Amino acid sequence: MSPSPRRSGARTRSASALLAALVLAGGLSACGDDDGGTATDPAGTSTPSPSDTPSETPSPSESPSQDPSASGDATPVRVEGSAGVTDAVLVDATEGGGSPSEMAVALDTDQAVADFGMGLQGELPDEVAAAVKELSAPGTTPYGAVVSTGCEPPRSVAIDAGEAGFQVVPALPKSTVQCLAPVTYVVVFAAPDA
C-alpha cells in the first residue's frame, strides 16, 4: 500500500512551527560577534540565562559596575602605581559622552567639577560631582579622568605622578563583546597633597 498524497493538518502545523523556530534561531544567532559570542546589554536590563553567566565569579574589586542611574553609587576600583593613591572609585553611564584621556584633571573647586562635566552627558556629571564630594578629605586633592568607553569596566587603574600631573592607565579586560551602546567610565580619586 502506498502512502496517501494528502498530508494531515497536524504534520503541516508541526513543519511550520519547526521552520519558524529555525528562522528565529538563525536570526538570533546573527546577533553574536565573529568569535561566536553573544551581544550583551550594557545597561543590564535583561536577565541572563544560566548558560550566559560566567563560571568564574569575579572578586569584589573586579566585579562590573552597575549603571549609576540605577544604583546612584560609585564603585571602588583597585589602584596601583607610584602616586600614593590608595582609593579610587569608578563612575559610569551608558552613552555618557566624554573622550578617554590618561591625564587626570584636578577637581578641587566647584568650577573645575562643572568644567570636567561639560563633556559628559545624562546623569554622569552629577554622579562625578557626588563622587568628588564623597572622596574629599583634608590634605588631599580630588582628581578625575575619563579612562575608557566600551562594554566592560577596567579591572584596576595605575595612577602615577609625572611632570605634567597624574597619569591614569586602566587595565581593561580582553574582550570580544560587541556593545549595543558604549559605556563611559570615569575614575575619581583623591591624591595626597605634596
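These numbers come from a predicted model, not from an experiment. (Residues numbered from 1 in each chain as written. Predicted model: local features only at pLDDT ≥ 70, side-chain atom pairs only at ≥ 80, totals over all residues. Heavy atoms only, no water.)

1. Considerations on the state of the cysteines
In a disulfide, the sulfur atoms of two cysteines are covalently bonded to one another.
1) Next: Tallied over the full model, the rule gives one disulfide.
2) Next: At a sulfur-sulfur separation of 1.6 Å, the disulfide partner of C151 is C179. Of the two residues, C151 sits in the loop between β4 (140-150) and β5 (156-162) while C179 sits in the loop between β6 (165-171) and β7 (183-192), which places them 28 residues apart along the sequence.
3) Next: A residue is classified by how much of its surface remains accessible, and C179, at 31% relative accessible area, is partly exposed. (Disulfide = S-S within 2.5 Å. Helix = DSSP H or I, 4+ residues; strand = E, 2+ residues; numbered from the N terminus. Buried < 20%, exposed > 50% of the residue type's maximum accessible area, 1.4 Å probe, protein only.)

2. Details of the nonpolar core
Note that soluble globular proteins tend to have their nonpolar side chains buried in a common cluster.
1) Next: Counting residues in each nonpolar core, the largest one holds 19 residues, and the members touching the most others are I159, F166, V168 and F189.
2) Next: When contributions to this core are tallied by element, the ones reaching two or more residues are β1 (75-80), β2 (88-94), β4, β5, β6 and β7.
3) Next: Here this core gets five residues from one element, more than from any other, and that element is β7.
4) Next: Residues in contact with V168, not counting those within four places in the same chain, are S101, E102, A104, A145, V147, V157, A158, I159 and F189. (Core = buried A, V, L, I, M, F, W, Y, C linked by side-chain atoms within 4.5 Å. Contact = heavy atoms within 4.5 Å.)

3. What about the side chain of S156?
1) Next: Note on placement: S156 falls in strand β5.
2) Next: A residue is classified by how much of its surface remains accessible, and S156, at 3% relative accessible area, is buried.
3) Next: Leaving out residues up to four positions away in the same chain, S156 has contacts with V77, R78, E80, V169, P170 and A171.

4. What to know about the confidence of the model for the protein chain
1) Next: Confidence along the protein chain averages 75 in pLDDT terms, with 62% of residues attaining 70 or more.
2) Next: Of all helices and strands in the protein chain, the one with the weakest mean pLDDT is helix α2 (residues 68-71) (38), whereas helix α3 (residues 110-117) scores best (97).
3) Next: Here residues 10-15 scores under 50 on pLDDT; set against residues more than four positions off or in separate chains, the count is one contact.
4) Next: Counting interchain partners and residues more than four positions distant, the pLDDT-below-50 stretch residues 21-38 has nine contacts. (pLDDT = per-residue confidence, 0-100.)

5. Considerations on the pattern of salt bridges
1) Next: Tallied over the entire structure, the rule returns two salt bridges.
2) Next: Between E80 and R78 there is a salt bridge, with the nearest N and O atoms lying 3.9 Å from each other.
3) Next: Here R78 falls in the partly exposed class, since its relative accessible area comes to 33%. (Salt bridge = Lys/Arg side-chain N within 4 Å of Asp/Glu carboxyl O.)

6. Quick notes on the sheet that holds β6
1) Next: Spatially, the seven strands line up as an open sheet ordered β3-β4-β7-β2-β1-β5-β6, and their pairing is mixed. With partners counted over all chains shown, the strands left at the sheet margins are β3 (105-106) and β6, one partner each.
2) Next: For β1 and β2, the ladder comprises three bridges, and the chain directions are antiparallel. Each bridged residue has a counterpart across the sheet, and for P76 the counterpart in β2 is V89. (Pairing = 2+ DSSP bridges.)

7. Topic: helix α4 (residues 124-135)
1) Next: Taking 1.5 Å of rise per residue, 12 residues should cover 16 Å, and α4 covers 16 Å from first to last C-alpha, within 8% of that figure.
2) Next: Of the positions making up α4, those classed as buried are L124, E127, V128, A131, V132 and L135. Seen along its axis, α4 keeps its buried residues to an arc of 140°; they face one direction. α4 presents D126 and K133 as exposed residues on the side facing more than 90 degrees away from its buried surface. (Expected span 1.5 Å × (residues − 1). Arc of directions from axis to C-beta.)

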